[in-house]
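# Structural description and commentary
Given next are the chains, with one letter for each unit.
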Amino acid sequence: MRLLSLALVTLLSLTSLPGAAAGLRFSLVKTAETETLDAFTVEGGKWTEKVTLNHVAVLIEHHAATLLFDTGLGRQIDSQFAEMPLWDKPLLQYGPVVPARDQLDKDGIRIDRILLSHAHWDHASGLADFPEVPVWAPYEEIEFSQISTPPAVLPSQFKHPVKWLPFTFQSAAFMGFPASLDMFGDGSVVLVPLTGHTPGSVGLFLTLEDGRRFFFTGDTSWRLEGFTGPHEKFWISRNMVDNDRKATRKVLEQVHQLMAKEPNLTVVPAHDAKVQQKLGFYPHWIE
Ligand SMILES: [Zn+2]
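Per an unreviewed UniProt entry, the protein chain carries the name MBL fold metallo-hydrolase and comes from Pseudomonas cavernicola. Recorded under Sequence similarities (unreviewed entry), the UniProt text for the protein chain is reproduced unchanged: "Belongs to the metallo-beta-lactamase superfamily."

### With respect to the overall build of the protein chain
Looking only at helices and strands, the protein chain has eleven helices and eleven strands in total. Computed over its C-alpha atoms, the radius of gyration of the protein chain comes to 18 Å, within 12% of the 19 Å expected for a compact globule of 287 residues. Dimensions along the principal axes, computed over C-alpha positions, put the protein chain at roughly 55 × 45 × 40 Å. Buried positions account for 57% of the 287 residues belonging to the protein chain. Accessible area for the protein chain stands at about 12,600 Å²; split by element, carbon and sulfur atoms hold 56% of it. Averaging the coordinates of the 25 positive side-chain charges in the protein chain and doing the same for the 33 negative ones gives two points 1 Å apart.

### So, the nonpolar core
Judged by nonpolar contacts, the single largest core of 29 residues is most densely connected at Phe26, Ile60, Val189 and Phe216. Setting aside residues no more than four positions away along its own chain, phenylalanine 216 makes contact with Phe26, Leu28, Val58, Phe69, Val202, Gly203, Leu204, Leu206 and Val268. Of all hydrophobic cores here, the second largest spans 26 residues; its members include Ala100, Ile114, Val135 and Ile142.

### Focus on the sheet that holds strand β4 (residues 113-115)
Within a sheet, neighbouring strands are paired by backbone hydrogen bonds and run either parallel or antiparallel to one another. Reading across the sheet, the six strands line up as β1-β2-β3-β4-β5-β6 and stay open at both edges, with mixed pairing between neighbours. Strands at the two margins of the open sheet, each flanked by one partner only, are β1 (25-37) and β6 (164-167). Direction aside, neighbouring strands of the sheet carry axes that sit 25° apart on average. Relative to the sheet, helix α7 (residues 139-147) contacts β5 (135-138) and β6, its axis offset from that of β5 by approximately 100°.

### Digging into the pattern of salt bridges
Side chains that differ in sign of charge can pair as their charged atoms come close. Counted under the stated rule, the structure contains 18 salt bridges. One salt bridge connects lysine 50 with glutamate 35, and the closest N-O pair in it is separated by 3.7 Å. Residue lysine 50 is located in strand β2 (residues 50-62), and its partner glutamate 35 is located in strand β1; the two are separated by 15 residues in the primary sequence. Residue class for lysine 50 comes out exposed when judged on its relative accessible area of 59%. Residue classification places glutamate 35 among the exposed positions, given a relative accessible area of 54%. Note that arginine 245 and glutamate 232 form a salt bridge whose closest N and O atoms lie 2.8 Å from each other. A residue pair is termed long-range when its members are at least 10 positions apart, and arginine 245 in helix α10 (residues 245-261) and glutamate 232 in the loop between α8 (225-228) and α9 (235-241) qualify at 13 residues. Salt bridges here are not isolated pairs; linked through shared partners, they connect Glu43, Glu232, Arg238, Arg245 and Arg249.

### Points about the coordination of the zinc ion
Surrounding the zinc ion are the protein donor atoms His118 (NE2), His120 (ND1), His197 (NE2) and Asp219 (OD), which sit 2.1 to 2.3 Å from the metal. Taken together, the four donor atoms coordinating the zinc ion span angles of 87 to 164° at the metal, a pattern that classifies the geometry as irregular. Each donor residue of the zinc ion lies on the same chain, and together they follow the pattern H-x1-H-x76-H-x21-D. The two residues histidine 118 and histidine 120 agree in class, both being buried.

### A closer look at the packing of aromatic side chains
If you walk through the whole model with that rule in mind, you get 17 aromatic pairs. Centre to centre, the rings of phenylalanine 81 and tryptophan 121 are 5.4 Å apart; their planes meet at 50°, and the pair counts as tilted. One end of the pair, phenylalanine 81, is in helix α3 (residues 77-81); the other, tryptophan 121, is in helix α6 (residues 121-124), with 40 residues separating them in the sequence. Seen from their ring centres, phenylalanine 158 and tryptophan 164 are 6.0 Å apart, and the 20° between their planes marks the pair as stacked. The exposure class of phenylalanine 158 is buried, given its relative accessible area of 14%. A connected cluster of aromatic rings, assembled from ring pairs, spans Phe26, Phe69, Phe214 and Phe216. Just above the ring of phenylalanine 281 sits the side chain of lysine 30; from NZ or CZ to the centre is 5.2 Å. Directly above the aromatic system of tryptophan 222 lies the positively charged group of lysine 233, at a separation of 5.5 Å from the ring centroid.

Calculation notes
- Residues numbered from 1 in each chain as written.
- Predicted model: local features only at pLDDT ≥ 70, side-chain atom pairs only at ≥ 80, totals over all residues.
- Heavy atoms only, no water.
- UniProt positions renumbered as here; feature names shortened; annotations may be inferred.
- Helix = DSSP H or I, 4+ residues; strand = E, 2+ residues; numbered from the N terminus.
- Rg over C-alpha atoms; globule rule 2.2 N^0.38 Å.
- Buried < 20%, exposed > 50% of the residue type's maximum accessible area, 1.4 Å probe, protein only.
- Areas by Shrake-Rupley, 256 points an atom, 1.4 Å probe, with all protein chains shown as cover.
- Lys, Arg positive; Asp, Glu negative; His and termini not counted.
- Charge placed at Lys NZ, Arg CZ, Asp CG, Glu CD.
- Core = buried A, V, L, I, M, F, W, Y, C linked by side-chain atoms within 4.5 Å.
- Contact = heavy atoms within 4.5 Å.
- Pairing = 2+ DSSP bridges.
- Axes fitted to C-alpha atoms, helices over the stretch in contact; angles between N-to-C directions.
- Salt bridge = Lys/Arg side-chain N within 4 Å of Asp/Glu carboxyl O.
- Donors = N, O, S within 2.8 Å, 3.2 Å for Na, K, Ca; no water.
- Tetrahedral: all angles 85-135°; square planar, octahedral: opposite > 155°, others 65-115°.
- Phe/Tyr/Trp six-rings, centres within 6.5 Å; stacked < 30°, edge-to-face > 60°.
- Lys NZ or Arg CZ within 6 Å of the ring centre and 35° of its normal.

See the structure below:
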């Protein structure tokens, strides 16, 4: 417990860097894609239409630090996936993988911190490729990663000594969320709790210098249609992955209302290939 308090103090001191200006850019590092039926991903989806889901890591360059939000599928995904129950495998299959670490190493990009939207297998797979990098997550999610089981969480992804840096949100309202964490104290990188899909699910707002704002919503919905509806996931998918249905529905409704209020906000669900395609992929930057 004392160790955790110490980590929290270190963390809070990092959040108030002096004179931090925005100067932010980001890039979607696509690690893999998977094709599935529209109907599997969102309630009311078509059984006759296919959709592509991406597995991405978000590379964020702030002048104070380079961050990775989620890790996508990593170098060890095939051996990790062996832990998946047989009956879940067909639904969760993925195509060829280009790990984030390989893409970033090639260009000499060093990551200072990893943030997790949540600890599910397709977001945490690449953690093992960055064993030296501290991983920020709420206490609830670190605990969830330690007690949850396949298909949601694959224990093999956490068997290396993960450098967890637990954090708690502060009671500072941001974009309609009652709590938040302003990572650099300049409003450019702000985390908000999205409890529901998992106990410590986290959303990320990125605001560029010119005011353009992006909201990374993790797996609250796999598709933008989940928020515009709002629509839940297909019931089988939902039962398989959503930890708390009622809380997930509440977040869907909250983001739905936020989108109506902020029409210029770009909402980016973690797997929505259609939304992500418009932003482009690494080495293309949004700046
Ligand atoms: Zn998930």
